[in-house]
Amino acid sequence: MANTILIGAQWGDEGKGKIIDVLTSKADIVVRSQGGNNAGHTVIHRGAKYILHLIPSGILRRGKICVIGNGVVIDPIALVAEIDGLRKLGITIGKNLLISDCAHLVLPYHRLLDEQRELRQGQAKIGTTKRGIGPAYGDKAAHLSATPLCIFIAPFSAGKKSSLKARKAHFWTSIMARIPMSLPQIRPPVARARARACRHIGWIVW
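Because the structure is predicted, anything quoted here is derived from the model rather than measured. (Residues numbered from 1 in each chain as written. Predicted model: local features only at pLDDT ≥ 70, side-chain atom pairs only at ≥ 80, totals over all residues. Heavy atoms only, no water.)

### Observations regarding the overall build of the protein chain
When helices and strands are tallied, the protein chain shows 7 helices and 8 strands. For the protein chain, the proportion of its 206 residues judged to be buried stands at 41%. Intrachain contacts of the protein chain at a sequence separation of at least 6 include 72% that bridge at least 24 residues. Here the protein chain displays about 11700 Å² of accessible surface, and carbon together with sulfur accounts for 56% of that area. (Helix = DSSP H or I, 4+ residues; strand = E, 2+ residues; numbered from the N terminus. Buried < 20%, exposed > 50% of the residue type's maximum accessible area, 1.4 Å probe, protein only. Contact = heavy atoms within 4.5 Å. Areas by Shrake-Rupley, 256 points an atom, 1.4 Å probe, with all protein chains shown as cover.)

What follows is the structure, given as structure tokens:
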């Protein structure tokens, strides 16, 4: 089976979503392998305008299977809002959207860390969208994150809370004290996302 891979060689905003939308007409499966819910991809399809943040633009075409791969960091609240928004526009989302159970989550404290890092940088800030994507990848790379979708459905245990706070305390003590580590507000959207999770997808797309 032939594969077509689209890679953005700049810092984003290259128009990948529009190109993918064209390529999907000849594809059976459309996979997003990495990234998060940044500014998003604006796509005009059949005269209608859609803005996609996490879901591959193949979702706009019938008969396509869309996959969010394990290299993506998923904000579950943003994902659920995107699904609901597309459904309101008449887009069918059911078994045509799959999520790797190895994908990591962007949690509320990641967004807070992102914001505080930008504030501390002052004029030297890098201009992130403050959506927690960088800190989520940082936690994943440093093995600080216990949040792959396959396991994050129960609240953090006391041991996990203490470990995470201790390992970040060298720089973020004052910030971490403000973070509700039990994260009850994300349990409903995580449960909805997890219902779409499929095992071993990460082995295929990464």
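### A look at the nonpolar core
Ranked by internal contacts, the top residues of the largest apolar core, which has 26 residues, are Ile55, Ile59, Ile74, Leu79, Leu86, Ile93 and Leu97. Within the residue set of this core, elements represented by two or more residues are strand E3 (48-52), strand E4 (65-68), helix H2 (76-88), strand E6 (97-100), helix H3 (108-121) and helix H6 (187-194). Looking at this core element by element, the count peaks at 3 residues for H2. (Core = buried A, V, L, I, M, F, W, Y, C linked by side-chain atoms within 4.5 Å.)

### A short note on the environment of Val43
Mapped onto the secondary structure, Val43 falls in strand E2 (residues 41-45). When its relative accessible area of 2% is taken as the criterion, Val43 is described as buried. In the structure, Val43 is positioned 14 residues away from Ser57 in sequence and 7.6 Å away in space, judged by C-alpha atoms.

### Some points on H3
With 14 residues, H3 extends 21 Å from end C-alpha to end C-alpha; this agrees with the ideal 20 Å at 1.5 Å per step. When H3 is considered as a whole, its buried residues turn out to be Pro108, Tyr109, His110, Leu112, Leu113, Asp114, Gln116 and Glu118. (Expected span 1.5 Å × (residues − 1).)

### Overview of the pattern of salt bridges
One pass over the structure, following the stated rule, counts 1 salt bridge. Residues Arg111 and Asp75 are paired through a salt bridge, measuring 2.7 Å at the closest nitrogen-oxygen approach. Linking Arg111 in helix H3 with Asp75 in the loop between strand E5 (73-74) and H2, this pair joins segments that are 36 residues apart in sequence. Taking relative accessible area as the criterion, Arg111 reaches 25% and is therefore assigned partly exposed. (Salt bridge = Lys/Arg side-chain N within 4 Å of Asp/Glu carboxyl O.)

### Regarding the packing of H3 against helix H4 (residues 133-141)
Taken N-terminus to C-terminus, the directions of H3 and H4 make an angle of 115°; their axes are 7 Å apart at the nearest point. As the angle between them shows, H3 and H4 are arranged roughly perpendicular. Crossing of H3 over H4 shows right-handed handedness. Contacts between H3 and H4 involve Tyr109, His110, Leu113, Asp114 and Arg117 from the former and Ile133, Pro135, Ala136 and Asp139 from the latter. A breakdown of the residues in the contact of H3 with H4 according to their chemical character gives 5 nonpolar, 1 polar and 3 charged. (Axes fitted to C-alpha atoms, helices over the stretch in contact; angles between N-to-C directions. Parallel < 35°, antiparallel > 145°, perpendicular 65-115°, else oblique. Left-handed = near helix turned anticlockwise from the far one by under 90°. Nonpolar A, V, L, I, M, F, W, Y, C, P; charged D, E, K, R; others polar.)

### Details of the layout of surface pockets
When its volume is computed, the second largest pocket comes out at roughly 270 Å³. Of the residues that constitute the lining of the second largest pocket, the class distribution is 4 nonpolar, 5 polar and 4 charged. (1 Å grid on protein atoms, 1.4 Å probe; cavity = no way out; pocket = protein on both sides within 12 Å on 5 of 7 lines; lining within 4 Å. Points joined across faces, edges and corners; volume = space filled by probe spheres on them.)

### With respect to the environment of Gly132
Assignment of secondary structure puts Gly132 in the loop between H3 and H4. With near-sequence residues (within four places) excluded, Gly132 lies in contact with Val106, His110, Arg111 and Asp114.

### Looking at the pairing of strand E1 (residues 29-32)
Residues Val30 and Arg32 point to one face of E1 and are all buried, whereas Ile29 and Val31, pointing to the other face, are not buried. Relative to E4, E1 runs parallel, the two being bridged by 4 bridges. Looking at E4, one finds that Val31 is bridged to Val67. (Pairing = 2+ DSSP bridges.)

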